[in-house]
Amino acid sequence: MLESVLVANRGEIALRVIRACQELGVRAIAVFSDADRSAPHVLAADEAYRLGPAPASESYLRVDRILELARRSGAEAIHPGYGFLSERASFAEAVEAAGFVFVGPRSETIAAMGDKTEARRRMQEAGVPVVPGTVEPLVSGTDAVRIAEELGFPVVLKAAAGGGGKGMRVVRGKDEVERAFDAAAREASQAFGDGAIYVEKFLATPRHVEIQLLGDAAGQVVHLGERECSIQRRHQKLIEEAPSPAVDGELREAMGEAAVRAAEAVGYRGAGTVEFLLAGREFFFLEMNTRIQVEHPVTELVTGIDLVKWQIRIAGGERLDFGQADVTLRGHAIECRVTSEDPAHGFLPATGRVRSLLLPSGPGVRWDGGISTGVEIGLHYDPLLGKLIVHAEDRAGAVATMRRALRELRIEGVETCLPFHRRAMDDPDFQAGRFSIQFLEQRPDLLEGRLSSNARLAAALAAALLEHKRRDGFHPRTATGFREGSSLTAWQRSGWPWSNGG
Ligand code: ADP
């Protein structure tokens, strides 16, 4: 077992990793930006170190400083969480070169899966079905037109280095291709410093269903079933669940086997996820995420397997002590991502100070958060405040528990997307499991409630302003959120303002 882990992240995922370390008896070391001085992850860690002067949005991306703090704290390993540096092969490489253990896959695996055309090529070779399209970047707009016509419209142009929906364009007809190609390439170079674009067939109403994997250093890979993540706004997940209402045992086995093959093809080590689009009973590889995902708790609740503890164990050289046949699913779990985004104003990121926080509890309820009373919510980081996760015997039970927990959860001082989640849980189509990735596009009433045309106009203007700000260096996808957890009451008892023990 590792002796100590430095958590190169913030918010709910930093707290989640710190909790896992503490339960395993591993020394948990936090790092923090000045804006996060008294954030819950800092208070919860055994030790905490200041990242030092840098714009808040950049602090957690400072590789040299993180390595320096790892040396200074005597850390044995570094856990990257998700977002920030977690999928940068160069970071994994630097960590290992500096003599620390990287809690995640080998840097070559991250690099191979981070290039989506390379990933598609490898998956094809491994016999994993990929969405029809190219495995080489397109060379020009004319090339794009020719291949799009061969595939048949609609198609989607995607950035090879992509993430967060950036550099992605759906194209419905021939005359749109060249313009879309130029726009996607421009956006991709700006966002990723790499303008390579490839093309895929655009599937009309698929579901997004992904398979969770664990692989150990000895080469054993198991899958932990699927997560349904079709409830998305602008390609960002809002509600996830396990199992998927669209997947039965036979399909689960087929998708699980394909995902394991995918992982074996790249010598996968650690926790990872293979994302698929599911159309009827046909599924297609979308991408592989070589890190822990936001929605991992729903899998933990239905399998009883702690994914973050296993990440740490595997990094410490332990082998999986169970096989595929030991993985069984029990009941149903749902997660709602609670963000500081205001559904009444087109999901615009909101700011403010958390004045009060009432967390739900009772049977089947879990809160993975990173906020606490008094915390300031700004625009530096991802708007994720926390995740409300429930578990019950079946899907209807889980929906009922979520409705009840959403009634109990109160966050005051900053607008959140909770009204959206309450509407979604009350919706007959959601309750029946009848949805695809297009669901929220078809249901603006659920997403935004009833907007007056003035409110729509105001939201559009504000969104345009925010886009400006984002170009100035605010990257929601590369940052992560704030949070809190069940130890809130202990922190409250210890008094406010808290002193930083680190
Ligand atoms: P990113 O890495 O930028 O998030 P992904 O390739 O993972 O991009 O796709 C994000 C989302 O976009 C998917 O979850 C799905 O909703 C939609 N999407 C991607 N590819 C397709 C496709 N070929 N057809 C239909 N929808 C797609």
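Cut-offs applied
Residues numbered from 1 in each chain as written. Predicted model: local features only at pLDDT ≥ 70, side-chain atom pairs only at ≥ 80, totals over all residues. Heavy atoms only, no water. Helix = DSSP H or I, 4+ residues; strand = E, 2+ residues; numbered from the N terminus. Rg over C-alpha atoms; globule rule 2.2 N^0.38 Å. Buried < 20%, exposed > 50% of the residue type's maximum accessible area, 1.4 Å probe, protein only. Contact = heavy atoms within 4.5 Å. Areas by Shrake-Rupley, 256 points an atom, 1.4 Å probe, with all protein chains shown as cover. Lys, Arg positive; Asp, Glu negative; His and termini not counted. Charge placed at Lys NZ, Arg CZ, Asp CG, Glu CD. Near = heavy atom within 4 Å. Polar contact = N/O pair within 3.5 Å; in protein donor to acceptor, adjacent residues only side chain to side chain. Nonpolar A, V, L, I, M, F, W, Y, C, P; charged D, E, K, R; others polar. Pairing = 2+ DSSP bridges. Axes fitted to C-alpha atoms, helices over the stretch in contact; angles between N-to-C directions. Phe/Tyr/Trp six-rings, centres within 6.5 Å; stacked < 30°, edge-to-face > 60°. Lys NZ or Arg CZ within 6 Å of the ring centre and 35° of its normal. Core = buried A, V, L, I, M, F, W, Y, C linked by side-chain atoms within 4.5 Å. pLDDT = per-residue confidence, 0-100.

A.B. asks: I tried to follow the overall build of the chain on my own but got confused; where do I start?
C.D. replies: Counting secondary structure elements, the chain contains 18 helices and 22 strands. Against the 2.2 N^0.38 benchmark of 23 Å for 502 residues, the chain shows a C-alpha radius of gyration of 22 Å, consistent with a compact globule. Looking at the chain as a whole, 57% of its 502 residues are labelled buried. Put simply, of all contacts in the chain between residues at least 6 apart along the chain, 68% involve residues at least 24 apart. As displayed, the chain offers around 19,700 Å² of accessible surface, 48% of which is attributable to carbon and sulfur atoms. Across the chain, the 61 positively charged side chains and the 69 negatively charged ones have centroids separated by 4 Å.

A.B. asks: Help me understand the site of the ligand, please; the structure alone is not making it clear to me.
C.D. replies: By nearness alone, 21 residues border the ligand, and Lys-116, Lys-158, Gly-165, Gln-232 and Glu-287 come closest of all. Here an oxygen atom of the ligand sits 2.8 Å away from a polar atom, N or O, in the side chain of Gln-232. Computed on the free molecule, the ligand has an accessible area of 560 Å², of which 97% lies beneath the protein chains in the complex. Only β6 (155-159), β8 (197-201), β12 (270-279) and β13 (282-289) provide two or more residues apiece to the shell around the ligand. Of the residues assigned to the shell around the ligand, the class counts are eight nonpolar, six polar and seven charged.

A.B. asks: Can you help me understand the side chain of Arg-337 in this one?
C.D. replies: Structurally, the position occupied by Arg-337 is in strand β14 (residues 332-339). Once you skip the residues sitting within four places of it in the chain, Arg-337 turns out to touch Lys-237, Leu-238, Glu-240, Val-294, Glu-295, Leu-384, Gly-386, Cys-417 and His-421.

A.B. asks: Could you clarify how one ought to interpret the environment of Leu-51 in this entry?
C.D. replies: If you trace the backbone, Leu-51 turns up in the loop between β3 (47-50) and α3 (63-73). On the basis of relative accessible area, Leu-51 is assigned to the buried category, the value being 0%. Note: C-alpha distance between Leu-51 and Arg-37 (14 residues apart in sequence) is 10.0 Å. When sequence neighbours within four positions are dropped, the list of residues in contact with Leu-51 reads Val-31, Phe-32, Ser-33, Ser-59, Tyr-60, Arg-62, Arg-65, Ile-66 and Leu-69.

A.B. asks: Please clarify how the sheet that holds strand β7 (residues 169-171) should be interpreted in this entry.
C.D. replies: Strands belonging to one sheet form pairs held by backbone hydrogen bonds; the direction of such a pair is parallel or antiparallel. Taken together, the three strands give an open sheet; going across it, the order is β7-β6-β8, and neighbouring strands pair in antiparallel fashion. Each of the sheet's edge strands pairs with one partner strand only, and the pair in question is β7 and β8. The mean angle between the axes of side-by-side strands here comes to 30 degrees, regardless of whether they run parallel or antiparallel. In this sheet, β7 lies alongside β6 in antiparallel orientation, the contact comprising three bridges. Following the sheet pairing, Leu-157 is matched in β7 by Arg-169. Contacts from helix α6 (residues 116-125) reach β6 and β8 within the one sheet, and its direction differs from that of β8 by about 50 degrees. Contacting β6, β7 and β8, helix α8 (residues 177-192) runs over the sheet at an angle of about 170 degrees to β7.

A.B. asks: Is there a simple way to explain the packing of aromatic side chains in this structure?
C.D. replies: Within the structure shown, the criterion is met by nine aromatic pairs. On the basis of an interplanar angle of 75 degrees and a centroid distance of 6.4 Å, the ring pair of Phe-84 and Tyr-381 is categorised as edge-to-face. With Phe-84 in the loop between β4 (77-79) and α4 (89-97) and Tyr-381 in the loop between β20 (376-377) and β21 (384-392), the pair connects residues that are 297 residues apart, well separated along the chain. Using a relative accessible area of 5% as the deciding quantity, one classes Phe-84 as buried. An angle of 70 degrees between the planes, with centres 6.0 Å apart, marks the rings of Phe-347 and Phe-420 as edge-to-face. Placement of Phe-347 in the loop between β15 (341-342) and β16 (348-349) and of Phe-420 in helix α13 (residues 418-426) is noted, with a sequence separation of 73 residues between them. Judged by relative accessible area, which is 3%, Phe-347 ranks as buried. What makes Phe-420 buried here is its relative accessible area of 0%. The aromatic ring of Trp-310 is capped on one face by Arg-313, whose charged end is 4.9 Å from the ring centroid. The positively charged end of Arg-395 is found above the aromatic ring belonging to Phe-430, 4.9 Å away from the centroid.

A.B. asks: Even after reading the chapter, I still don't get unusual backbone geometry, so can you show me in this structure?
C.D. replies: What is expected of a backbone is that most residues other than glycine have negative phi and most peptide bonds are trans. Residue Pro-154 is bonded to the preceding Phe-153 through a cis peptide linkage, with omega at -5 degrees. Note that Pro-154 resides in the loop between α7 (141-151) and β6. Note the cis peptide between Ala-242 and Pro-243, where omega equals -5 degrees. Tracing the chain through its elements places Pro-243 in the loop between β11 (236-242) and α9 (249-265).

A.B. asks: What is the right way to read the nonpolar core from this model?
C.D. replies: General note: in soluble globular proteins, nonpolar side chains tend to be found buried as a group. Counting residues in hydrophobic clusters, the biggest one holds 63 residues, and the most contacted among them are Val-5, Leu-6, Ile-66, Ile-78, Leu-214, Ile-312 and Phe-322. Core analysis: the next-biggest nonpolar cluster, separate from the first, contains 38 residues, Ile-231, Leu-357, Ile-377 and Leu-418 among them.

A.B. asks: When you look at the environment of Ile-13 in this model, what are you seeing that I'm missing?
C.D. replies: Among the secondary structure elements, Ile-13 is positioned in helix α1 (residues 11-24). With 280 residues separating them along the chain, Ile-13 and Gln-293 place their C-alpha atoms 9.2 Å apart.

A.B. asks: How should α7 be read in this particular structure?
C.D. replies: Because the α-helix completes a turn every 3.6 residues, residues three or four places apart line up on one side. The set of residues buried in α7 consists of Gly-141, Asp-143, Ala-144, Val-145, Ile-147 and Ala-148. Along its buried surface, α7 packs onto β6, α8 and β8. Immediately beyond the C-terminal end of α7, within one or two residues, lies Gly-152, with a positive phi of roughly 90 degrees.

A.B. asks: I would appreciate a short explanation of the confidence of the model for the chain in the present structure.
C.D. replies: Scored by pLDDT, the chain comes out at a mean of 91, with 92% of its residues at no less than 70. In this model residues 473-502 is a low-confidence stretch, pLDDT under 50, and it forms 102 contacts with partners more than four residues away in sequence or in other chains.

A.B. asks: Is there a simple way to think about α3 in this case?
C.D. replies: Of all the residues in α3, the buried ones are Arg-65, Ile-66, Leu-67, Leu-69, Ala-70 and Ser-73. Residues of α3 that are buried make contact with β1 (4-7), β2 (27-32), β3, β4 and α4. At the C-terminal side of α3, Gly-74 shows a positive phi close to 70 degrees.

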